[in-house]
Protein chains: 2
Amino acid sequence: MWDMNTFIDTLSMSPLLQGGISQPWLIAAANADEAPLILSGVLLSLVVIYLASKLGGELSQLLNLPPVLGELVGGVAIGASALHLLVFAEGGTVAADSALMPILQFIGGNLSAESITSIFESQSEIIEILSELGVIILLFEIGLESDLRELTEVGYQAVLVAVVGVVAPFAAGTAGLVLLFHMPTIPSIFAGAALTATSIGITSKVLSELGFLKSKEGQIIVGAAIIDDVLGIIVLAVVASLAKTGEVDIVNVLYLIGSASAFLVGSILLGRFFNQAFVTIADQLKTRGKLVIPALSFAFIMAFLANAIHLEAILGAFAAGLVLDETDKRKELDKQVVPIADILVPIFFVTVGAKADLSVLNPAVPENREGLVIAAFLIVVAMIGKLMTGWTVVGQPGINRFAIGVGMIPRGEVGLVFAGIGSASGVLDKPLEAAIITMVILTTFVAPPLLRVAFKGGAIAIESPAN
Amino acid sequence: MWDMNTFIDTLSMSPLLQGGISQPWLIAAANADEAPLILSGVLLSLVVIYLASKLGGELSQLLNLPPVLGELVGGVAIGASALHLLVFAEGGTVAADSALMPILQFIGGNLSAESITSIFESQSEIIEILSELGVIILLFEIGLESDLRELTEVGYQAVLVAVVGVVAPFAAGTAGLVLLFHMPTIPSIFAGAALTATSIGITSKVLSELGFLKSKEGQIIVGAAIIDDVLGIIVLAVVASLAKTGEVDIVNVLYLIGSASAFLVGSILLGRFFNQAFVTIADQLKTRGKLVIPALSFAFIMAFLANAIHLEAILGAFAAGLVLDETDKRKELDKQVVPIADILVPIFFVTVGAKADLSVLNPAVPENREGLVIAAFLIVVAMIGKLMTGWTVVGQPGINRFAIGVGMIPRGEVGLVFAGIGSASGVLDKPLEAAIITMVILTTFVAPPLLRVAFKGGAIAIESPAN
């Protein structure tokens, strides 16, 4: 009764697929014929992302590795390095590079090159925003799982870890490039700066998966990663203005330091007040989503504010989670955020993997070789510079210093931002840019399994707080 | 210590906000300075949407009306009719019409008019896709709550209700416009066709809120709404080709009828097989999201397929929910889909409200008056044409016929698609277009409270199935 070939024949013969007058509902407005195709592209991308994340995550689990590593690798498999099912409109990538576009073109009939480009760009932009919403929800969840009191307790240790973890790789990286590789000062400083900021997303996800987020080590790592994210933004402002004008824009740097401190301290102080308001509101509401909607609204407002004062949106989401963790709604909220995180967070990790172009690692390409040698140096500095931070922790007998150091290793998205800006502003040449990208990829992929090994050495448990 | 005025002064004096060289990380690529602003715009829009949906929903609840009505009204309040906090790049709306853009402009510093337009269009597009994902999740949830066996049982009654509910208002509307208003035939047919398709989203949401989704009446309404959505798409294809060429494109119509039937029957048949596969897969998976990710992937694939063969994506999502309802994972899945629906579904209803421009209802504007008279006629036909469908149900003693009729009244998005296409293709003049929009708005807003009243007359309960 149901014959696939006949169906496909009918489909391709149908005037519906020939464009023009037989697609009457597709002529409503200038770009109305693109709207259903953009939706199709987004749905297809999400399915591909979910497939990659589950295949990768489950395989990782089978190999006794953290699932997030598998999600990253799954992203690599469908991304710019391999299948091209998930590529983004950036760095010269066009619609023709996407393996999904022919499918949309088949569905849409005779699409102009212009339409395809516009559909590709829209879909790419939407998946990117969904991925950013994913990391916002992730940090909100991490904030909910973190304990403000415990974070304050480990506060000065986290600051030490963060500062050493920024200064050491920055200094060693810059000096090494100048002295060993005889590079000019400005590009060296830029590459050194790219070694500074830990990717809090990857580290905190692995900690959570291993069940060590609420250990003393876990809280120091998360606190330090938050602080060095802020430090990284300040370093970026410094080196970028240095690269542009040859001098440091003091006002800008002071502004960033001031706004970042004011934001974090202010949100926690205001949070104590907001806590009460939140509980009162949630108790009053009667309709569906009475807990999750006010909570997410708060997270999104905080993310917006952080973004608005040129910090990162994820800092705001983390602060929001930290604040709401202090309420008695925490448990119920935790439970409701889980499925939301389950569907949004994988989009982030798969996207990170998909954007990493591993072709820069191919030593068979001669022009990659110089970059690979520099990359090897940067990776060593990046790892040692963060590993040593564990030994800055004092007054915590029996703490797993190695685990803290390993937790600070993955660089992730901030490092890629450095590479992108450096390349666009002409400060970084091709080999150095490739070396930074390689460093980011390697530290990102090596950290999850290493962290699992490191925590085999144990951790200091934190008792559950009274409330 | 913390002074708001000083902070704002610092903010506006800061070189960060002046654009150009002091915004070093915003120069990475051509549109890299837009990316954080698009994210800001999306976050802000979501917060506004959540605020409107909760305020409206809770107020509705207090007044003993269905919450979804309040979400629609909340959307109207923040949308094109009033506050302009949520407007979309369509029908001549530009960035300057959005009340959110000045905020983004303040954050972004000196943005070019081109940048603002591009940010506005991106944000508008992303919220629209999120709203479509919202209605996809809604119909998936409704599918999960519906019972395939029960739907099959009421199948022929649903078909009767759907067919009468399409033919009656179509015939009466077209005849009335020609005979009473002396309108030309083609526009009359077009307006008559706009009276056909029930908005399944609104009706099913209200039924679910009232707890009558699993009554016999509820299942007949949902089944009929699904069928008349398909009929509506076919009618649209017919009248649009009629309007364009003066004749009906038979191949196109046959293709639509064939593909729609094949899709619904095929997905249910294949679904019986997929059920087993789904349970096996979900049982094998070990990592987070092991249930919700395969389920959503299935829903998105089905939505994509429906969209690809030029049906509506929501039909695919409904079929997916119906299929997964048959598995023993249903209860757990139901629970996990709730928070996801809670955050996505309100985006859809608020967007529907925000897009409805109530200024066409203002009788003080002389050019609205002709439209209002026609609108009054269309509304009467739209209501009576659907109300009578309840009396087509046979062999169900004691069934609440009035409730079935009322359940078919709201027209929603499909009616607006008719108005948009009719206007763009020049078939509809301004008064007739305004009349159709008014009819859609009124039937949409009148149905939820009316449905509550109608179900006061009781309903036939369905016992829970054995599995």
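An unreviewed UniProt entry lists chain A under the name Na+/H+ antiporter, with Acaryochloris marina as the source organism. UniProt annotates chain A under Subcellular location (unreviewed entry) with the comment "Membrane". Listed under Sequence similarities (unreviewed entry) in UniProt, the entry text for chain A is "Belongs to the monovalent cation:proton antiporter 2 (CPA2) transporter (TC 2.A.37) family."

Asker: Sorry if this is basic, but what is going on with the overall build of chain A here?
Answerer: Within chain A, the secondary structure is distributed over 18 helices and zero strands. Relative to the 2.2 N^0.38 estimate, which gives 23 Å for 467 residues, the radius of gyration of chain A is 24 Å and therefore close to what a compact globule would have. Projected onto its principal axes, the C-alpha coordinates of chain A cover approximately 75 × 65 × 50 Å. Taking all 467 residues of chain A together, the buried fraction comes to 60%. For chain A, restricting intrachain contacts to residue pairs at least 6 apart in sequence, the fraction spanning at least 24 positions comes to 77%. Approximately 17300 Å² of chain A is accessible, and the part contributed by carbon and sulfur atoms is 67%. Distance between charge centres in chain A, computed from 22 positive and 39 negative side chains, equals 11 Å.

Asker: Explain the pattern of salt bridges here, please?
Answerer: It is possible for side chains bearing opposite charge to pair when their charged atoms get close. Residues and elements named next belong to chain B. Taken as a whole and judged by the stated rule, the model has 16 salt bridges over all chains. We note a salt bridge from K386 to D228, for which the minimum N-O separation is 2.8 Å. Of the two residues, K386 sits in helix 15 (residues 366-387) while D228 sits in helix 10 (residues 216-245), which places them 158 residues apart along the sequence. Each member of the pair, K386 as well as D228, carries the same accessibility label: buried. Between E332 and K335 there is a salt bridge, and its shortest N-O distance comes to 3.8 Å.

Asker: For this particular structure, what's the right way to read the domain arrangement of chain A?
Answerer: As a measure of interface size, the accessible area lost when the parts come together is often cited. Residues and elements named next belong to chain A. When the domains of chain A are assigned, the result is domain 1 (16-126) and domain 2 (131-457). A C-alpha centroid distance of 28 Å is found between domain 1 and domain 2. In this complex, domain 1 contributes 22 residues to the contact, which on the side of domain 2 involves 22 residues. Note on domain 1 versus domain 2: buried area summed over both sides is about 2000 Å², and carbon and sulfur give 72% of it. Of all residues in domain 1, P66, V68 and L72 give up the largest surface area on contact with domain 2, accounting jointly for 28% of the area buried on that side. Scanning the region where domain 1 abuts domain 2 turns up one salt bridge. Here K355 makes a salt bridge to E90, at a shortest N to O gap of 3.8 Å. Taken together, the links from domain 1 to domain 2 amount to four residue pairs in polar contact (both at pLDDT 80 or more). The set of elements that each furnish at least two residues to the side of domain 1 that touches domain 2 consists of helix 2 (35-62) and helix 3 (67-78). For the side of domain 1 that touches domain 2, the element with the highest residue contribution is helix 3, accounting for nine residues. Split by residue class, the side of domain 1 that touches domain 2 holds 15 nonpolar, five polar and two charged.

Cut-offs and rules
Residues numbered from 1 in each chain as written. Chains lettered and ligands numbered in written order. Predicted model: local features only at pLDDT ≥ 70, side-chain atom pairs only at ≥ 80, totals over all residues. Heavy atoms only, no water. UniProt positions renumbered as here; feature names shortened; annotations may be inferred. Helix = DSSP H or I, 4+ residues; strand = E, 2+ residues; numbered from the N terminus. Rg over C-alpha atoms; globule rule 2.2 N^0.38 Å. Buried < 20%, exposed > 50% of the residue type's maximum accessible area, 1.4 Å probe, protein only. Contact = heavy atoms within 4.5 Å. Areas by Shrake-Rupley, 256 points an atom, 1.4 Å probe, with all protein chains shown as cover. Lys, Arg positive; Asp, Glu negative; His and termini not counted. Charge placed at Lys NZ, Arg CZ, Asp CG, Glu CD. Salt bridge = Lys/Arg side-chain N within 4 Å of Asp/Glu carboxyl O. Domains from an automatic or database assignment. Buried area = accessible area lost by both parts, 1.4 Å probe. Polar contact = N/O pair within 3.5 Å; in protein donor to acceptor, adjacent residues only side chain to side chain. Nonpolar A, V, L, I, M, F, W, Y, C, P; charged D, E, K, R; others polar.

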